[in-house]
Amino acid sequence: MKKILVWESHSMISGGQKMTLLISELLGAENEFVYMIPGEGALSKELDRRKIPYHMLGDQSMPAGVKGKSVIFRYAGLSLNAIAKALRIIAKEKPDLIYAPGPAALPWSAICGTLSNKPVIWHLHHVFLDNPTKKLINIFSNWRSVKKIIAVSNCVGSQIITSAGKRKVTVLYNPVDTEQYSNGAAVNVRKEYPNLEVASTENTITLGHIALMQETKRQNIVIEVAFLLQCKGYHCNIVFAGGTKNSEDEQYLLSLKKKVAEYHMENNVFFLGFRSDVPNVLACCNLVMIPSAFEGFPLAGLEANAAGLPVICANQGGSLEYAKVSKSGEIFRFDDAEDAASAVIRCLEKYDYYASNAKNFAKKCSVANYKDNIYAILIGNKAHERNII
């Protein structure tokens, strides 16, 4: 049995946190998990429900609007505070391993692993948006305390470019619970939203989008696509399932609602907020859109596949890699609503083919296979350090 200290840098539950919780569930019978999290939120509630112990480190994100040299000083102060608190927790818990899936925790975990003489394993879920972050991650990927780096896709793993860091990278696609996501009940969502129509004819489309309400997730493109499809004679609905993290996200959400009003689509677009019943949400849809260019390997796509739904993806980042390996839908040019609308129509024309591929890919990404592979990486020996995709 190993004691694993998980360093999470978000209080909400999105794709990365879902995977961390799944790993805790898969390996928890034989190993002990303890979390470090920023503060109270959806994640702490879920940890309480699962009776998994945790410590609170405080906010680990940079405040919005910090620019210039102030960034360096604010990040230095934030880092010192987080590292000091983490070292006290490490001294108390005495873990065998520090597991860092949270992006902010990557460099800090390398430092804490060095100072406490604990091995560190990173789990990269993201395409990093700025060069300073990429440089910082690559610098610390060389540190000896970082023993292994799990990447959720080749796209994500390729961000590690140092010779020492690259040797540590293992690519392991995320899994999906096929049984869970294939048994959703649309009626449970329609009880709350009786005007939500479930797609029933060739000319009726219900687009699903499962993600945090953030500008990088490009929900605005989904709205534009729905409007274009309406103009082409289709009856199109949208189901947005996702919450907000901060005031910036709230402003973005307001701008989306304004756009919906401008298009006179208030009766066609449903903002559901954060949902714990994603299988039920997917049961309301017949297509899922992933318009973001910054996905590592979209969990929403895997969940849609498990529900038997084709997926429309932007042609960049992990979304493109996912579309190519799953063969479960069409690709469109990033930020091009016209091309995305055409991709939706092409997908409808080959719907059965893509739906079949979706189910087959979900089966390949089974939780059972993932358990064996993640056990080998986290608990096993060096013989298992290889690409597992």
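Before going into details, it helps to say that this report is about the structure given with it. (Residues numbered from 1 in each chain as written. Predicted model: local features only at pLDDT ≥ 70, side-chain atom pairs only at ≥ 80, totals over all residues. Heavy atoms only, no water.)

## Focus on the overall build of the chain
Definition in use: For the purposes of this entry, the term helix denotes a DSSP run of H or I that reaches at least four residues, the term strand denotes a run of E that reaches at least two, and both are numbered from the N terminus. We compute the radius of gyration from the C-alpha atoms alone; for a globule the expected value is 2.2 Å times N to the 0.38, where N is the number of residues. Only heavy atoms matter for contacts: two residues are in contact if any of them lie within 4.5 Å across the pair. Only the protein chains shown count as cover for residues, with accessible areas throughout obtained via the Shrake-Rupley method and a probe of 1.4 Å. His is not counted, nor are the chain ends, whereas Lys and Arg count as positive and Asp and Glu as negative. Every charge is mapped onto a representative atom, which is NZ of Lys, CZ of Arg, CG of Asp or CD of Glu.
A tally of helices and strands in the chain yields 17 helices and 13 strands. For 389 residues, the compact-globule formula gives about 21 Å, and the C-alpha radius of gyration of the chain, at 21 Å, lands near that figure. Restricting to contacts in the chain with at least 6 residues of sequence separation, those with at least 24 account for 69%. Accessible surface, the chain as shown: approximately 17,300 Å² in total, 51% of it carbon and sulfur. The centroid of the 44 positive side-chain charges in the chain is displaced by 9 Å from the centroid of its 36 negative side-chain charges.

## Some points on the side chain of S153
Selection rule: We call two N or O atoms a polar contact when they sit within 3.5 Å, provided that within protein one can donate a hydrogen and the other can accept it, with sequence-adjacent residues counted only if both atoms are side-chain atoms.
Structurally, S153 is set in the loop between β6 (146-151) and α6 (154-157). For S153, the side chain forms a polar contact with the main-chain nitrogen of V156, separated by 3.1 Å. A polar atom in the side chain of S153 sits 2.7 Å from the backbone oxygen of G296. Ignoring any residue separated from it by four or fewer positions in sequence, one finds S153 in contact with V171, Y173, G296, F297 and E321.

## Description of unusual backbone geometry
Under the convention used in this document: Remark: exposure states derive from per-residue accessible area (1.4 Å probe, protein chains only) relative to the maximum for the residue type, with buried under 20%, exposed over 50%, and partly exposed in between.
One non-glycine residue, R218, lies in positive phi territory at about 60°. With respect to the element layout, R218 can be found in the loop between β8 (204-210) and α10 (219-231). The backbone of K327 sits at a positive phi, close to 55°, despite the residue not being glycine. Tracing the chain through its elements places K327 in the loop between α14 (317-326) and β13 (331-332). On the accessibility criterion, K327 (49% relative accessible area) is partly exposed.

## So, the nonpolar core
Generally speaking, nonpolar side chains in soluble globular proteins are found buried as a group. Rules: What we call a nonpolar core is a set of buried Ala, Val, Leu, Ile, Met, Phe, Trp, Tyr and Cys residues that are connected through their side-chain atoms within 4.5 Å.
Within the largest apolar cluster, 91 residues are counted, with the highest numbers of intra-cluster contacts made by W7, W122 and L378. Judged by nonpolar contacts, the second largest core, of 33 residues, contains I221, A226, F332 and A340.

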